[in-house]
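Each chain is listed here by its residues.
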Amino acid sequence: MTDWLAICRGAVDDVRGVLAELPSRAEREPVLAQGEGGDDTTAIDAAAERVILARFDGLDVTIVSEEVGEVGDGRWRVVVDPIDGSLNAKRGIPFFSLSIAVADGDTMADVEFAYVYDFGTGEEWTAHRGEGAFLNGEPLDAQRPKDEIEILAFEATLTSSVAEKAAAFVGTAYRLRIMGSLALSLCHLAAGRLDAVCSLKPYRSVDVAAGQLLVLERGLSIANADGGSFAQAPLDLEPRSRVAAAGTDELCQLVIGGLSS
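Here's what I pulled together on the structure shown here. Nothing here was measured: the structure is a model prediction, and the numbers come from that model. (Residues numbered from 1 in each chain as written. Predicted model: local features only at pLDDT ≥ 70, side-chain atom pairs only at ≥ 80, totals over all residues. Heavy atoms only, no water.)

1. Description of unusual backbone geometry
Condition: Under the scheme used here, helices are H or I runs from DSSP no shorter than 4 residues and strands are E runs no shorter than 2 residues, and both carry numbers assigned from the N terminus. Remark: exposure states derive from per-residue accessible area (1.4 Å probe, protein chains only) relative to the maximum for the residue type, with buried under 20%, exposed over 50%, and partly exposed in between.
In the Ramachandran plot, Asn136 falls in the positive-phi region, its phi being about 50 degrees despite a non-glycine side chain. Relative to the elements of secondary structure, Asn136 occurs in the loop between strand 9 (132-135) and strand 10 (138-139). The exposure class assigned to Asn136 is partly exposed, which follows from its relative accessible area of 45%. The backbone of Ala156 sits at a positive phi, close to 55 degrees, despite the residue not being glycine. In this structure, Ala156 sits in the loop between strand 11 (149-155) and helix 5 (159-165).

Next up, the structure:
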């Protein structure tokens, strides 16, 4: 049986090496190409992805990653965001992560194992389908999001998008946070540090495949804001819907209402 946790921890060490080799904005942010996901591929994105692909080389996997797209034809579908929050990483803001999800099929519902590592705090978030969610190896089984939305995290944010949508949440959410990593924001929701999360533009599976399993293993709610089943969302690079997540289905629908207004 493949030890996915050990492999993911090895990938963290690999990316740490990349961060050390590219210590400043000048080395990290040059644009090298356009990735398969549609965003610019910068030096730090390309270097982090390269070492992670090498880490999974030779395993029975199909890799879905932000820059190279889909490679391989193995049994396990491994959905990777080498650096979720790459703008933070490029600018030296310590809130970005490595996100890896392992699935035995090609939809969100097929994700078996999730791993998110926060390079700022050193926190390691994991989940196994049907076995719970964990922070640094300890179960997330106590603190939950509040019954009302005190803190809502906006992700995938342009200034224009925030200006357009923030007013719709007056009366629904007391405070807004713009963190810069959708994967980590979902983890913080799972830990009860946030009360709701939403993206202001359509997500890609690499951004949410790992974090969503932690949310679901905590019994929380996550849904597509623009229609279609979240559980059946394909593990590919096509953005189809914005995402909303909260402590209950009712609060999740409140968030979707704000996004749709």
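Now that the structure has been shown, we can carry on.
2. Brief notes about the packing of aromatic side chains
Condition: Stacked, tilted and edge-to-face are the three classes applied to pairs of Phe, Tyr and Trp rings, where Trp contributes its six-membered ring and a pair requires centres within 6.5 Å; stacked means planes under 30 degrees apart, edge-to-face means over 60, and tilted covers the rest.
Enumeration according to the criterion identifies six aromatic pairs in this entry. Measuring from ring centre to ring centre gives 5.5 Å for Phe154 and Phe169, while their planes differ by 70 degrees; the resulting arrangement is edge-to-face. In this pair, Phe154 is assigned in strand 11 and Phe169 in the loop between helix 5 and strand 12 (173-178), connecting sequence segments 15 residues apart. What makes Phe169 buried here is its relative accessible area of 2%. Relative to Phe230, the ring of Tyr203 has its centre 5.9 Å away and its plane inclined at 50 degrees; by these criteria the two rings are tilted. Highlighted residues: Tyr203 in the loop between strand 13 (196-199) and helix 7 (205-217) and Phe230 in the loop between strand 14 (221-224) and strand 15 (243-246), separated in sequence by 27 residues. Members of the aromatic cluster, joined through ring pairs, are Trp4, Phe56 and Trp76.

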